[in-house]
Amino acid sequence: MATLEAASSRREWRRRERRGTVGLLSGPLLWLLLFFVTPVAFIAAYSVGAVSLFPTDSSVISLDDWGRFLGGGSIYMGLFWKSIRMSLTVSVVVVLLAYPIGYFLALCTKKRKYVLLLLIIAPFLTSYLLRVLAWKVMLGEHGVVNSLLFSLHIRSPDDPITWLLYSQFTVMLVLAYVWVPFVALPIFVSLDNLDRSLLEAASDLGSSRWRAFVRITLPLSLPGVLAAFLFVFIPTIGEFVTPLLVGGTSGYMYGNAIQDLFTRGLDWQTGSVLALFLLLVVAGLMALFGRFVQVRSVAA
Amino acid sequence: MEIATSVGALRSLRMVFGLLVLFLYVPIVLLAIFSFNAGDVSFPLEGFTTEWYSRVFANPALLSALKRSAVVALVSSLLAVALGVLASFALIRRRFAGKAVASALFFSPLVVPYVVFGISLLVLFTFVDRLLAETTGFYIGLGLHSIVIGHVVVSLPYTILTIMPLLERLSVSLEEASHDLGASTWETFRRVTLPLLFPALISSFLIAFTLSFDEFAIASFLAGAQPTWPVFLFAQLRVPSQLPVLVAVSSMILVASLIFVLGAEIVRRSMERRYGREFAARGMV
Amino acid sequence: MTDIDRILAERYDRRGFMRMAGATTLGAAVLAACKKAETTGAATTGTSGEPVVHPPIEEEPGNLQVFDWSGYGDGTYYPAKEREYLWQQYVDVTGDTPTFILYENDDAAYTKVVAGARYDIAHPYTYKYRDWVDLGVIQPWDTSLISNFSALNPKLVESGVIDGQQYFLPVDWGFIAPIVNVDHVDVQEESFGILFDDRYEGKISWVDTSNMMYIAGIYLAVPDPFDMTDDELAKVRDFLISKKHLVRNLWNQSYEFWKDFRDEEVWIGYSWPDTAGYADAAGMNYLYMEPKEGRVSWVGGLGLFKDSQNYYHAHEYANSWASTKAAEFLMTWYYYGHTNTEVDLSVIPPGVVSALGLDDPTVLDPPRAIPEAYIPRRTLYQQYWSEVLAS
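From a predicted model like this one, the values you see are computed outputs, not experimental measurements.

## Details of the overall build of chain B
The helix and strand tally for chain B stands at eleven helices and zero strands. Ordered by position from the N terminus, the helices and strands of chain B form the series α-α-α-α-α-α-α-α-α-α-α. Taking 285 residues into account, the globule formula puts the C-alpha radius of gyration at 19 Å, and chain B, at 24 Å, lies well above it. Oriented by its inertia axes, the alpha-carbon framework of chain B measures out at about 75 × 70 × 35 Å. For chain B, with 285 residues in total, the buried portion stands at 43%. Of the contacts formed within chain B by residues at least 6 apart in sequence, a portion of 77% connects residues at least 24 apart.

Now the structure itself:
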């Protein structure tokens, strides 16, 4: 008798559960629909002239702005490729630097693993803007690096290294600085989940450690590496804060153009075209490589 | 550990790690030094002083900006965690059609560049304000509420990602047992699931809070007349007369957050251990 | 906000207005609201000169929102002095403390207002007055409420009159000219061309606004730099792109540029007179040029937002800004001019007075200077400038 009652109440509960699913989903879904999907739809509409807010906007629906952007010779298209190049460089360097870190944390430390992890994450508790400012101080013509070179007589005070600050190099350096810890995490997680017994088996079978790394560890960690790569590549294409602070004229990136067009240029239509294009590129990248990225592996 | 690396490799890895930590901390140490420097935030150094720290509390604009950021971060994190719990439950515990689409939607803010998201919110809010102004004469305007909305969206994937693994690990049989004993769904949630989820709730709250407190890109587009801390900081960065004070504040925030994060981690670990031990003993987790 | 629907209905044709409303039903609601706005006139302040009723100062909410450049009151540059000189008088009279919302340049400020931001006081410059008035967000001052008004230079005050109304109260004026570190730079000829000089690659700083378009136009001797043709604009753009590699960085705030100039990261820059003031205080060897083309001169004026709830407060604030104390501050610390003719010039070094003509506002006009004029095709200037930035 008790089991029958328990079973029927469970069924009752499951029925209520199904109705509850709608209740559960509605909150977050509604929020995202209203404040994520709708704004993006607005940008899309703005870019073709279906929406216009200012007297200077054209109120005709047309693909003219898109044509001008995608058609040959648009200066913004060149800027886009420049940003892609810079992001690619940063992402590759960051992943190359972060891999040994993740490897070290996952496979070489036992007791102090989480302390060391915390050590890596702690810098994020300082303001990002001020960390960039600190770099500005270090890289200037009379900053730390150059002063050091002067005092060591490697360079004379009349001839400092000028390209350290306000250049593409600066932007890439600072971006790498910010992203390496972030990227070490998914690599760490995927290596941490590595089955040690595989390595033990390889060693038992007489393989050298290097071979075991190349043929077991590396391939198994590749999804984590790809996830990490995308994790840094995608946001940096649209980066505008770092170039604004340390980029000078040559470090100007695609994200800066979008920001300028919206905050100063009063050309929200071209800005929307640029923004939507970036979004489409990102969506395309995720569609292509998303299956390699198990979002769960990113969670630390 | 010997199976993964040779002694030589271990040494070089340790060196690489050490160099990286050095690389990470040099700017921060530099900032700490400047917070005690009697001159401007630039070389050469001019002498020791604690003046900047005392000046922090005499600067009302700075304190308001900090307060606003704290409020925005608090509200948006609470919302993000709440919505994250709901979404996690739906994704883990329920079956429904279109789960893949919903999942993709929940995680897509992770990949949208903040510049695009920030301006699209700007466009949306401007349009809505324009509409409201014409039809009703009311005008909401941009402000802290706009920033909260934006931050909830970008924090949501992180909270879901943090809560989902723990929720998965928790056995459904616990909830079912609770129901069998006569508890309602809400009671079960409140007295069984929620306490067990607590470690993940703390972690996700911290992640969302840190994200929101230091977030500049979106806030720069949506801040109205009242800047949040990063927006305020950015505006002051170019005017070095205030800089040492800002550096001093930042050092204080760093120390405070370290204490906070460490404290939260200790609480989280102890809760995990406590519940984990109890339920593991009963073979339920 | 009550006027926005009326202004917008006038500005757009029906089609465009409908599209902006988003749907035909919404459009009908908007039209109904339009009719309502036309019939209720009591709350509007008018360009048509209707009698207006403002609640007395005690009933105003206070917390004056001032939309201005940094260095003009919020204490960013001179924490104690800005308050003491520019608006302490306002505090003494009203007991209110203003809130400052700052912007980096005219374009960013204008964009924000076009997008819907509203405050109490604005501070645009002559060349943008027309745009602000056309936007319909500014109401004229009642100069009888400003006790310092009679002390202001009449000719400069005239520049704030648009369509016969005193929309703007001119207060500050100054120049745009290259500043040069003579310890490192060999000046052969005082000209804007120094900003494009190939000998000083990496040591030059430009301003980060489309103003560089007309500066280059002045240097390239186009007939009217403030109203260039498409061909001229393209020529200027290509010229700037070709010279961009000489530039170390673009500045948005004057103090940002000053820091680079002081640290000798740059030796040459587009600058305002305040940089010269800082350089003097730091004992640098500099030259604030008087280019052969003439310096560019600007005059700025305070404007009152139409929907401001702080009508009398705003006038008190403007009065504080128009005082001799404010003039002293601008002249001593920024080397800017001020429209108040009764200021005591002995507080400023005489060399500065003569170099910048602080006692003689005729220096703002040809042949000494080129006044910054209204740029009718500014959107186009900005578009070409965006392309310079993006290249």
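## Details of the overall build of chain C
Of regular secondary structure, chain C possesses 15 helices and 14 strands. The buried share of chain C, taken over its 391 residues, is 50%. If you take every contact in chain C between residues at least 6 apart in sequence, the share linking residues at least 24 apart comes to 75%.

## Regarding the packing of helix α11 (residues 254-263) of chain A against helix α12 (residues 268-289) of chain A
All names here are of chain A. Closest axis-to-axis distance for the α11/α12 pair is 8 Å, and the angle between their directions is 150°. Accordingly, the angle class assigned to the pair α11 and α12 is roughly antiparallel. Of the two possible hands of crossing, α11 and α12 adopt the one that is left-handed. For the pair α11 and α12, the contacting residues are Y254, A257, I258, L261 and F262 in the first and W268, T270, G271, L274, A275 and L278 in the second. Residues that form the contact of α11 with α12 fall into these classes: nine nonpolar, two polar and no charged.

## Points about the interface of chain A and chain B
With 78 residues of chain A at the interface, the matching set in chain B holds 72 residues. The element contributing the most residues to the side of chain A that touches chain B is helix α1 (residues 2-47) of chain A, with 21 residues. Taken together, the residues of the side of chain A that touches chain B sort by class into 57 nonpolar, 14 polar and seven charged.

## As for the environment of S103(B)
By secondary structure assignment, the location of S103(B) is in helix α4 (residues 99-107). Between the C-alpha atom of S103(B) and that of R268(B), which follows or precedes it by 165 residues, the distance is 27 Å.

## Details of the nonpolar core
Counting 275 residues, the largest nonpolar core has A98(A), V183(A), A228(A) and I121(C) as the members making the most contacts within it. In terms of residues, this core owes the most to one element, helix α7 (residues 168-192) of chain A, which gives 16 residues. Excluding residues within four positions of it along the chain, A98(A) makes contact with V180(A), V183(A), A184(A), I187(A) and A228(A).

## Overview of unusual backbone geometry
Cis geometry marks the peptide bond from P366(C) to P367(C), where omega comes out at 0°. Position of P367(C) relative to the elements: it lies in the loop between α14 (350-356) and β14 (369-371). For H153(A), which is not a glycine, the phi torsion comes out positive at approximately 60°. By the element assignment, H153(A) lies in the loop between α6 (144-151) and α7. Phi is positive for E264(C), close to 60°, though the residue is something other than glycine. On the basis of neighbour count, E264(C) is assigned to the partly exposed category, with 15 C-beta atoms found within 10 Å.

## Some words on helix α15 (residues 378-390) of chain C
The end-to-end C-alpha distance of α15(C) is 18 Å, a good match for the 18 Å that 13 residues give at a rise of 1.5 Å each. Listed as buried for α15(C) are R378(C), Y381(C), Q382(C), Y384(C), W385(C), S386(C), V388(C), L389(C) and A390(C). The inward-facing, buried residues of α15(C) abut α3 (75-108) and α11 of chain A together with α5 (106-114), α8 (211-219) and α9 (230-243) of chain C.

## Focus: the pairing of strand β8 (residues 204-207) of chain C
When a strand is regular, its side chains alternate between the sheet's two faces. Residues and elements named next belong to chain C. Along β8, one buried face is formed by I204 and W206 and the opposite face, lined by S205 and V207, is buried too. Pairing of β8 with strand β9 (residues 247-251) involves four bridges; the strand directions are parallel. Looking at the pairing, I204 lines up with V247 of β9. Examined bridge by bridge, β8 and strand β10 (residues 268-271) share two bridges and lie parallel to one another. When the sheet's bridge partners are listed, S205 is paired in β10 with G269.

## Section: the interface of chain A and chain C
The interface of chain A with chain C comprises 25 residues on the first partner and 24 residues on the second. Split by residue class, the side of chain A that touches chain C holds eleven nonpolar, ten polar and four charged.

## Remarks on the environment of S297(C)
Residues and elements named next belong to chain C. Along the chain, the position of S297 falls in strand β12 (residues 295-305). Expressed as a C-alpha distance, the spacing of S297 and L389, which sit 92 residues apart in the sequence, is 25 Å. Setting aside its immediate chain neighbours within four residues, S297 contacts W173, F175, L364, A369, I370, P371 and E372.

## A word on the confidence of the model for chain B
Residues with a pLDDT of 70 or more make up 94% of chain B, whose mean pLDDT is 85. Across chain B, element-level confidence peaks in helix α3 (residues 60-93) of chain B with a mean pLDDT of 93 and bottoms out in helix α11 (residues 243-281) of chain B with 80.

## Re the packing of α3(B) against helix α8 (residues 185-213) of chain B
Residue and element names in this part refer to chain B. It is the contact of α3 with α8, at a shortest axis distance of 8 Å, that shows an interaxial angle of 140°. The orientation of α3 with respect to α8, classified from their angle, is oblique. Seen along the crossing, α3 lies across α8 with a hand that is right-handed. Within the contact between the two elements, α3 uses S69, V72, A73, S76, S77, A80, V81 and G84 and α8 uses L201, S204, F205, A208, F209, S212 and F213. Considered class by class, the residues forming the contact of α3 with α8 number nine nonpolar, six polar and no charged.

## Remarks on α8(C)
Residues and elements named next belong to chain C. Counting buried positions along α8 yields eight of nine residues, so the element is predominantly enclosed. Among all positions of α8, only N211, M212, M213, Y214, I215, A216, G217 and I218 are buried. Taken together, the buried residues of α8 touch β8, α9, β10, β14 and α15. Downstream of α8 by one or two residues, A221 has phi in the positive range, about 60°.

## Focus: the confidence of the model for chain C
Residues and elements named next belong to chain C. Per-residue confidence for chain C gives a mean pLDDT of 84; residues scoring 70 or more make up 87%. Between residues 1-49, whose pLDDT stays under 50, and residues either more than four places distant or in other chains, the model counts 47 contacts. Predicted complex, confidence summary: ipTM 0.84, pTM 0.84.

## Description of the environment of H315(C)
All names here are of chain C. Tracing the backbone shows H315 in helix α12 (residues 311-321). For H315, a count of 24 C-beta atoms within 10 Å translates into the label buried. Once the C-alpha coordinates of H315 and L345 are considered, the two residues, 30 residues apart in sequence, prove to be 26 Å apart. Excluding residues within four positions of it along the chain, H315 makes contact with W141, D142, L145 and I146.

Parameters and conventions
- Residues numbered from 1 in each chain as written.
- Chains lettered and ligands numbered in written order.
- Predicted model: local features only at pLDDT ≥ 70, side-chain atom pairs only at ≥ 80, totals over all residues.
- Helix = DSSP H or I, 4+ residues; strand = E, 2+ residues; numbered from the N terminus.
- Rg over C-alpha atoms; globule rule 2.2 N^0.38 Å.
- Buried ≥ 20, exposed ≤ 12 C-beta atoms within 10 Å, placed from the backbone.
- Contact = placed C-beta atoms within 7 Å.
- Axes fitted to C-alpha atoms, helices over the stretch in contact; angles between N-to-C directions.
- Parallel < 35°, antiparallel > 145°, perpendicular 65-115°, else oblique.
- Left-handed = near helix turned anticlockwise from the far one by under 90°.
- Nonpolar A, V, L, I, M, F, W, Y, C, P; charged D, E, K, R; others polar.
- Core = buried A, V, L, I, M, F, W, Y, C linked by C-beta atoms within 7 Å.
- Expected span 1.5 Å × (residues − 1).
- Pairing = 2+ DSSP bridges.
- pLDDT = per-residue confidence, 0-100.

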